[in-house]
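These are the residues of each chain, in order.
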Amino acid sequence: MKLVFCVVHQRDKNRIAEALVRAGFKSTVIGSTGGFLREGNATFLVGVEEDQLEPLKALIQENCHLRDQVINVGPPEAGLAVGLTQDPITVQVGGAVAFVVNVDEFYRC
Ligand code: 2BA
């Protein structure tokens, strides 16, 4: 069994949650915050058998959309990332960042 940790943009959260239910995947959604943008995103935990991993990856890809976001990076004393200038920069957000790990044991009680 695999456990997929999948970080997605807040705007894609509901679409992915609905698609997971429709496709019969079981998941847990955790509200999370990106370390760079400090904006809310969502982290899905999805436990799947190995033969469901590729269908799950396809579902995630179909339901996440990459978009550009221009951010104003303030001075370090504002509590933002160290070493960045004050010029606006464009970052790509959306899409999904996923980590797939092996599950040693799964049980319900
Ligand atoms: P954030 O950390 O808020 O990052 C949002 C987006 O900002 C990133 O999108 C990337 O395009 C950009 N970005 C991040 N760090 C940067 C930096 N040091 N310099 C310039 N641009 C930077 P994604 O790469 O798609 O990541 C989306 C979210 O996924 C991240 O939100 C974070 O919550 C999570 N994530 C990404 N990589 C991770 C990792 N290696 N470990 C844990 N979480 C990760």
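Rules and cut-offs
Residues numbered from 1 in each chain as written. Predicted model: local features only at pLDDT ≥ 70, side-chain atom pairs only at ≥ 80, totals over all residues. Heavy atoms only, no water. Salt bridge = Lys/Arg side-chain N within 4 Å of Asp/Glu carboxyl O. Helix = DSSP H or I, 4+ residues; strand = E, 2+ residues; numbered from the N terminus. Buried < 20%, exposed > 50% of the residue type's maximum accessible area, 1.4 Å probe, protein only. Core = buried A, V, L, I, M, F, W, Y, C linked by side-chain atoms within 4.5 Å. Contact = heavy atoms within 4.5 Å. Pairing = 2+ DSSP bridges. Axes fitted to C-alpha atoms, helices over the stretch in contact; angles between N-to-C directions.

Asker: Give me the pattern of salt bridges: which residues, what numbers.
Answerer: Evaluated as defined, the whole model comprises four salt bridges. Measuring nitrogen to oxygen at the nearest pair gives 3.2 Å for the salt bridge that ties Glu-54 to Lys-57. With a gap of three residues between them, Glu-54 and Lys-57 both fall in helix 2 (residues 53–63), about one helical turn apart. Judged by its relative accessible area of 41%, Lys-57 falls in the partly exposed class. Ionic contacts of the salt-bridge type, sharing partners, join the residues Asp-12, Arg-15 and Arg-67 into one network.

Asker: An account of the nonpolar core is requested, with residue identities and associated values reported.
Answerer: Within the largest apolar cluster, 16 residues are counted, with the highest numbers of intra-cluster contacts made by Val-8, Leu-20, Phe-25, Phe-44, Val-46, Val-48 and Leu-56. Of all the elements in the fold, those that place two or more residues in this core are strand 1 (2–9), helix 1 (13–23), strand 3 (40–48) and helix 2. Residue contacts for Leu-56: discarding those within four places in its chain leaves Val-4, Leu-20, Phe-25, Val-46 and Val-48.

Asker: Explain the sheet that holds strand 2 (residues 27–33) to me, and be specific about the residues and the numbers.
Answerer: Strand order in the open sheet made by the four strands is 2-3-1-6, with antiparallel pairing throughout. Of all strands in the sheet, those bounded by a partner on one side alone are strand 2 and strand 6 (96–102). Neighbour to neighbour, the strand axes of the sheet diverge by 20 degrees on average, direction disregarded. The sheet contact formed by strand 1 and strand 3 spans eight bridges and is antiparallel. Across the sheet, the residue bridging to Val-7 is Thr-43, located in strand 3. Packing of helix 1 onto the sheet brings it into contact with strand 1, strand 2 and strand 3, and relative to strand 3 it is tilted by some 15 degrees. Packed on one face of the sheet, helix 2 meets strand 1, strand 3 and strand 6 and runs near 5 degrees to strand 1.

Asker: Can you break down the pairing of strand 2 residue by residue, with the values?
Answerer: As defined by bridge partners, strand 2 adjoins strand 3 across seven bridges and the pair is classed as antiparallel. In the sheet register, Val-29 faces strand 3, and the bridge partner there is Phe-44. Taking the residues between adjacent antiparallel strands as the criterion, strand 2 and strand 3 are bridged by six residues, where Arg-38 takes a positive phi near 60 degrees.

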